[in-house]
Amino acid sequence: MTIAELSIEKAQEGLLSKEFSALEFLEEALRIVEEKEPNLHAFLTLTPELAKEAAKVTDEKIAKGQKLLALSGIPCSVKDAILVQGVRCTAASRMLENYIAPYDAFVTKKIKEAGVSIMGKTNMDEFGMGASTENSSFGPTTNPVDPKRVPGGSSGGSAVSVASSESMISLGEDTGGSIRQPASFCGIVGLKPTYGAVSRAGIISLASSLDQVGSLAKSARDAEILFQVIQGKDPKDATSISPPTTRKKMNMKELRIGIPKEYFAKGLDTDVKKVVEGAIQKFEQAGASLVEVELPSVEYALAAYYVINTSEASSNLARYDGVRYGLHQEASNLLGEYLDSRGAGFGKEVKRRIMLGTYALSAGYYDAYYVKAQKVRSLLKQDFERAFLKADVLMGPTSPVLPFRFGERTKDPLAMYLIDIYTVPVNLVGLPAISLPAGTVGNLPVGLQVISPAFSEDLLFSVGKMLEKL
Ligand code: GLN
């Protein structure tokens, strides 16, 4: 059995039956990394020693006949925006090229406590700004199914590490689609949890009212196991809450699937549309019912998202002043040090967003842009509430297009922003959503996005398992 064929539960059965040790299992993952990394570049930093230490602890547990923990012996990669104590954390920015994380993020602590083997930090668009990993300051990641194409982003390295079996699971971060879209482009499962379900403490912030950490995995069950480990209240993040205790069980025959007509409108690639409709049909044939729903404010979601994203980013990124964090450039006065450090440390997209966000928040324009964008959020929230009166989940595409070629969208930022059209609405309203592999066009993967009411991730996982069976 190889890592490529195993689920978390199957791998742990193999460990318990002594088919292989945790160290042997990890070494196979590290061998795949060595073989594939020159072509993929999914990782920015590898941590084989950290991973081996954890694997040894798992092997000792097994030798003593102790019970395994939820993630004992499982090789896992972590997006480079999530702090792992003592390990370099760059957010793919020159600004943090030599920054060593002084502590563990809440989610890192949780996965370590669950016995995981952290094997490295994955590539991403700088500070999470992008949809292709082309904005990484350290070079892009390649899509494993076609080396000429992007893996999606910003958590592209995480998605590729899982899709190529370099690691079994990965922690990503999603502000406007950064887990779901690369999962879709790489043919794996990606969950963006409800806002507040997972603590953001120890995450390098992009836009604090939108950011959420979530799981990337090959199956809905693996994504579920990882989510269950990382969710929960953290005193260091006041927006986090304890998981609700009531769980809604649902079978296929009861499932009411809402089809938002805005998710199938102009701009959707016809091949992507066919695959997504095909997946939805499978649910219908198995007994689920379909109902059309309307989300009229989705029309304004992308515009509102980019006002809010850039505004919050401009404020969050003010901390990188060349004094407190990361890159420092000497100059003859303090202002010069700020300008030179930020000028040298940030890439083009980051500078663009800082300028846009600062403008949107400026005294004369605050009401016209930022406040108006916040109002769109309220309208969108009402749209989703209405839709969930008629449907248990909503289904549509994750991305309007197939994985595109390198360079295809880098010259025109708007063309890159448009990719996020179906993913940003849930971030604006805090809802959970999952991207599930729905099929392919040629060899290019297509993702089905499933959206559910707040704190009903369990429903998303059961829908994911239903689709895998179908
Ligand atoms: N592509 C989106 C953006 O550039 C999403 C980023 C994210 O989710 N981190 O903002």
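What you see is a predicted model, and the numbers here were worked out from it, not measured in a lab.

### Description of the overall build of the protein chain
Logical step 1: For the protein chain, the helix and strand inventory stands at 15 helices and eleven strands.
Logical step 2: Compactness check: the protein chain gives a C-alpha radius of gyration of 21 Å against a globular reference of 23 Å for 470 residues, within 12% of the reference.
Logical step 3: Projected onto the principal axes, the alpha-carbon positions of the protein chain cover approximately 65 × 55 × 45 Å.
Logical step 4: Restricting the contact set of the protein chain to residue pairs at least 6 apart, pairs at least 24 apart contribute 75%.
Logical step 5: Accessible surface for the protein chain amounts to roughly 18500 Å². Of this, 55% is attributable to carbon and sulfur atoms.
Logical step 6: Side-chain charges of the protein chain comprise 53 positive and 55 negative groups, with the mean position of each set lying 3 Å from the other.

### Some remarks on the packing of helix α4 (residues 106-113) against helix α7 (residues 220-230)
Logical step 1: Contact pair α4 / α7: the axes reach a minimum separation of 8 Å and the direction vectors enclose 115°. One way to sum up the angle between α4 and α7 is to call them roughly perpendicular. α4 and α7 meet at a crossing whose hand is right-handed. The residues of α7 that touch α4, namely those facing F106, V107, K110 and I111, are L226, V229 and I230.
Logical step 2: Counted by class, the contact of α4 with α7 contains six nonpolar, no polar and one charged residues.

### Some details on helix α12 (residues 367-390)
Logical step 1: The terminal C-alpha atoms of α12 lie 34 Å apart, and with 24 residues this matches the ideal 34 Å at 1.5 Å per residue to within 8%.
Logical step 2: Regarding α12, the residues found buried are Y370, A373, V376, R377, L380, D383, F384, A387 and F388.
Logical step 3: Of the surrounding secondary structure, the elements contacted by the buried residues of α12 are β8 (289-293), α9 (301-316), α11 (348-361), β9 (393-397), α14 (424-429) and β11 (444-451).

### Let's talk about the side chain of S219
Logical step 1: Tracing the backbone shows S219 in the loop between β6 (212-217) and α7.
Logical step 2: Dropping the residues within four chain positions of it, S219 is found in contact with V189 and E468.

### Some points on the pairing of β8
Logical step 1: One ladder, built from five bridges, connects strand β7 (residues 256-260) with β8; its direction is parallel. Residue P260 lies in a different strand from β8, and its bridge partner there is V293.
Logical step 2: Read as a crossover between parallel neighbours, the route from β7 over helix α8 (residues 270-285) to β8 is right-handed.

### Describing the site of the ligand
Logical step 1: Around the ligand, 17 residues are found, and the nearest of them are T175, G176, S178, Y305 and R353.
Logical step 2: The separation between a nitrogen atom of the ligand and a polar side-chain atom of S154 is 3.4 Å.
Logical step 3: For the ligand, an oxygen atom lies 2.6 Å from a polar atom in the side chain of S178.
Logical step 4: For the ligand, the protein covers 99% of the area, taking 300 Å² as the surface of the free molecule.
Logical step 5: Per element, the largest residue contribution to the shell around the ligand is three residues, and it comes from α9.
Logical step 6: Looking at the shell around the ligand, its residues break down into five nonpolar, eight polar and four charged.

### Some words on the packing of aromatic side chains
Logical step 1: Evaluation of the coordinates by the stated rule reveals 16 aromatic pairs.
Logical step 2: Ring plane angle 15° and centroid distance 4.0 Å describe the contact between Y306 and Y417, whose orientation is recorded as stacked. Residue Y306 is found in helix α9, and its partner Y417 is found in helix α13 (residues 413-418); the two are separated by 111 residues along the sequence.
Logical step 3: We classify Y306 as buried; its relative accessible area is 10%.
Logical step 4: Taking the relative accessible area as the measure of exposure, Y417 reaches 9% and is therefore buried.
Logical step 5: Ring centres of F384 and F388 lie 6.5 Å apart, and the angle between their planes is 25°; this geometry places the pair in the stacked category. Placement of both F384 and F388 in helix α12 is noted, with a separation of four residues, approximately one turn of the helix.
Logical step 6: Classification of F388 by relative accessible area gives buried; the value is 15%.
Logical step 7: An aromatic cluster is built from Y99, F127, Y320, Y325 and F346, whose rings are joined through pairwise contacts.

Calculation rules
- Residues numbered from 1 in each chain as written.
- Predicted model: local features only at pLDDT ≥ 70, side-chain atom pairs only at ≥ 80, totals over all residues.
- Heavy atoms only, no water.
- Helix = DSSP H or I, 4+ residues; strand = E, 2+ residues; numbered from the N terminus.
- Rg over C-alpha atoms; globule rule 2.2 N^0.38 Å.
- Contact = heavy atoms within 4.5 Å.
- Areas by Shrake-Rupley, 256 points an atom, 1.4 Å probe, with all protein chains shown as cover.
- Lys, Arg positive; Asp, Glu negative; His and termini not counted.
- Charge placed at Lys NZ, Arg CZ, Asp CG, Glu CD.
- Axes fitted to C-alpha atoms, helices over the stretch in contact; angles between N-to-C directions.
- Parallel < 35°, antiparallel > 145°, perpendicular 65-115°, else oblique.
- Left-handed = near helix turned anticlockwise from the far one by under 90°.
- Nonpolar A, V, L, I, M, F, W, Y, C, P; charged D, E, K, R; others polar.
- Expected span 1.5 Å × (residues − 1).
- Buried < 20%, exposed > 50% of the residue type's maximum accessible area, 1.4 Å probe, protein only.
- Pairing = 2+ DSSP bridges.
- Right-handed = clockwise from strand over helix to strand, strands pointing away.
- Near = heavy atom within 4 Å.
- Polar contact = N/O pair within 3.5 Å; in protein donor to acceptor, adjacent residues only side chain to side chain.
- Phe/Tyr/Trp six-rings, centres within 6.5 Å; stacked < 30°, edge-to-face > 60°.

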